[in-house]
Amino acid sequence: MDLGVRWKLHGDGRTPAPGAVVRPDERLSWPRTAGLGAQHVVAMFGASFVAPVLMGLDPNLAIMMSGVATVVFLLATRGRVPSYLGCSLSFVGVAAVIRAQGGSSATVTGAVFVVGAALFLVGLAVRRFGARIIHAAMPPIVTGAVVMLIGFNLAPVTASTYWPQDQWTALSVMLFTGLAVVCLRGFWSRIAIFLGLIFGYVLSWALDRVFGRIHSADASGQVTDHWRLDLSGVGQADWIGLPTLHGPSFEWSAILVALPVVIALIAENAGHVKAVGEMTGDNLDDKLGTAISADGVGSMLSTAVGGPPNTTYSENIGVMAATRVYSTAAYWAAAGFALLFGLCPKFGAVVAAVPGGVLGGITVILYGMIGLLGAQIWINAKVDLRNPLNLVPAAAGIIVGVGNVTMEFTDTFSLSGIALGTLVVITGYHALRVFAPAHLKTQEPLLDEGTSSYDTDGTEGDQRAKS
């Protein structure tokens, strides 16, 4: 059985000829391949560490399981889809909601485990029936609205939890990150969030040295005198050791909050496979279902031991586009480096010490970008919001999701926020479609013949904010 783990040497193994590309089944020399693998790790570092911190999970375990998930993905796709799987920012909002409802880390990972299982089943369905079944259930107006309400539902988390801890640091980090995103080029622009994290880290350390402790809310919300950057946990952490593991806990209320993220993940995976196929020149339509299922399996494996979910990363697509090296050998090297980093608890403690004010500045931009991905989906699919069949369910669902509207069905069961907003969009659209006149029902498909309708540039722009 061909598992895609054999590579032909490209040319002399040093530098591709002008205009040439290193295909997925080729490689450069092993030292150069290892270097490219390290570059891929750096590219995914920012979001892969920010996401678990925001979700309240172990960043060391996150980076380790991202390596495991990447290996699973490469094996499942037989090395035809070069991709790195890192921690998905799409789940940050649902994690915040679940914790606000009193849920623990086990509750968060249990809910996300179910989402991974659902994604796996969707992938199997796509393999069996084709991608048109996705369009039938989730046309672009539905997908865009759900992605939008997931992102904008996060606004209160920034406003009430992170920003008040250190407003001036948050403002400085927001401005720096915004400048980095807009002004930097190439590889550096793709790690702008990571650069903002480093800037805020250093700024917080400097402010502590110059002005001493700050009197503000800490991570628990209690107003005290405390250091902006508390490195006490770094000194206590070991250099080598396993991350903290825990099993998932399953609660229906948390699962219902998390399930809508499946829609965002389907759109992300479809766009990713399309972008990689266009860059490599390979028709990857037949691998879309496999890629979606592999993403689900990777998330299930990670959350089963207490880690965050994983999804394909466009930061790494950007690295491929810049280097024109699409070798899956580089991704195997990246996965190996990730596993090694995951075995260094001291490194994870440094990441976990990121000040709340720094996260406030980053999340102002990051959460807004996640929400606006929904608008990008509408633009790419040419969704007509003048059409009331599109406008009414999207408008209602977004307000319900962003405003955290609650529907109480019994004394023990209610739906609110993301879950209720998603339900309003999906059921509202399909119910209205039954009664709508024929001229309102024309719609560009989200997916056609097993691939996405996103153009390459649009996909990369979408993915950059997510992952």
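In this text, all values refer to a predicted model and were calculated from it rather than measured experimentally. (Residues numbered from 1 in each chain as written. Predicted model: local features only at pLDDT ≥ 70, side-chain atom pairs only at ≥ 80, totals over all residues. Heavy atoms only, no water.)

**Describing helix H19 (residues 388-402)**
Condition: Secondary structure follows DSSP: runs of H or I at least 4 residues long count as helices, runs of E at least 2 residues long count as strands, and numbering of each begins at the N terminus. A helix is expected to span 1.5 Å for every residue after the first. Only protein chains enter the area calculation, which uses a 1.4 Å probe; residues under 20% of their type maximum are buried, those over 50% are exposed, and those in between are partly exposed. The arc refers to the directions leading from the helix axis to the C-beta atoms. Whenever a nitrogen or oxygen atom comes within 3.5 Å of another N or O atom, the pair is scored as a polar contact, on the condition that within protein one atom can donate a hydrogen and the other can accept it, and that pairs from neighbouring residues in sequence are kept only if both atoms are in side chains.
For H19, which comprises 15 residues, the first-to-last C-alpha distance of 21 Å matches the rise-based estimate of 21 Å (1.5 Å per residue) to within 8%. What H19 keeps buried is the set Leu389, Asn390, Pro393, Ala394, Gly397, Ile398, Val400 and Gly401. Projection of H19 onto a plane perpendicular to its axis shows the buried side chains occupying an angular sector of 165°, all on one side. For H19, the capping residue at the N-terminal end is Asn387, with a side-chain oxygen 2.9 Å from the backbone nitrogen of Leu389. Among the residues trailing H19, Asn404 stands out with phi positive, at a value near 55°.

**Comments concerning helix H3 (residues 92-100)**
A turn of α-helix holds 3.6 residues, and therefore any two residues three or four places apart point the same way. Those residues of H3 that fall on the buried side of the exposure criterion are Val92, Gly93, Val94, Ala95, Val97 and Ile98. Immediately beyond the C-terminal end of H3, within one or two residues, lies Gly102, with a positive phi of roughly 95°.

**Topic: the pattern of salt bridges**
This is how it is decided: What makes a salt bridge here is a side-chain nitrogen of Lys or Arg within 4 Å of a carboxyl oxygen of Asp or Glu, nothing more.
Enumeration over the complete set of coordinates arrives at 5 salt bridges. The salt bridge involving Arg80 is made with Asp286; its shortest N-O contact spans 3.0 Å. Remark: Asp286 occurs in the loop between helix H13 (261-280) and helix H14 (288-304) and Arg80 occurs in the loop between helix H2 (59-76) and strand S3 (85-87); sequence separation between them is 206 residues. Taking the shortest distance from any N to any O, the salt bridge between Arg228 and Asp166 comes out at 3.2 Å. Of this pair, Arg228 sits in the loop between strand S5 (223-226) and helix H11 (232-236) while Asp166 is found in the loop between helix H7 (155-162) and helix H8 (167-183), placing the two residues 62 residues apart along the sequence. Residues joined by salt bridges that share partners form a network here, namely Asp166, Asp208 and Arg228.

**Digging into the environment of Thr224**
This is how the line gets drawn: Contact definition: two residues touch when any of their heavy atoms are within 4.5 Å.
Within the secondary structure, Thr224 sits in strand S5. The partly exposed category is assigned to Thr224, whose relative accessible area is 22%. Distance in space between the C-alpha atoms of Thr224 and Arg213 is 9.4 Å, their sequence separation being 11 residues. In contact with Thr224, not counting residues within four places along its chain, are Ile214, His215, Ser216 and Asp218.

**What about the nonpolar core?**
To keep it simple, the criterion reads: Residues enter a nonpolar core if they are buried and are Ala, Val, Leu, Ile, Met, Phe, Trp, Tyr or Cys, with the set joined through side-chain atoms within 4.5 Å.
Core analysis: the biggest nonpolar cluster contains 94 residues, and Met55, Phe91, Val92, Leu197, Tyr367 and Trp378 have the highest contact counts within it. Looking at which element gives the most residues to this core, the answer is H13, with 9 residues.

**Section: the packing of aromatic side chains**
Ring pairs (aromatic) are described by centroid distance and by the angle formed between their planes. Convention followed: Any pair of Phe, Tyr and Trp rings, taking the six-membered ring for Trp, is counted once the centres come within 6.5 Å. Such a pair is stacked with planes under 30 degrees apart, edge-to-face with planes over 60 apart, and tilted for the rest. The criterion for a charge sitting over a ring is simple: Lys NZ or Arg CZ within 6 Å of the ring centre, and within 35 degrees of the ring normal.
Overall, the coordinates contain 3 aromatic pairs when judged by the stated rule. Seen in terms of ring centroids, Phe113 and Phe250 are 5.8 Å apart; in terms of plane orientation they differ by 70°. Their pairing is edge-to-face. Of this pair, Phe113 sits in helix H4 (residues 105-129) while Phe250 sits in the loop between H11 and helix H12 (252-258), and the two are 137 residues apart along the sequence. On the basis of relative accessible area, Phe113 is assigned to the partly exposed category, the value being 21%. Classification of Phe250 by relative accessible area gives partly exposed; the value is 46%. Between Phe176 and Phe199 the ring centres are 4.3 Å apart and the planes differ by 5°, which places this aromatic pair in the stacked class. A residue pair is termed long-range when its members are at least 10 positions apart, and Phe176 in helix H8 and Phe199 in helix H10 (residues 192-211) qualify at 23 residues. Note on Phe176: relative accessible area 30%, which makes it partly exposed. When the ring centre of Trp239 is taken as origin, the NZ or CZ atom of Lys346, which lies over that ring, is 5.2 Å away.

**A look at the side chain of Thr328**
Position of Thr328 relative to the elements: it lies in helix H16 (residues 328-342). Residue classification places Thr328 among the buried positions, given a relative accessible area of 0%. Engagement of the side chain of Thr328 in a polar contact is seen with the backbone oxygen of Pro24, the distance being 3.2 Å. Beyond its immediate stretch of four places on either side in the chain, Thr328 contacts Gly4, Trp7, Pro24, Leu74, Gly79 and Pro82.

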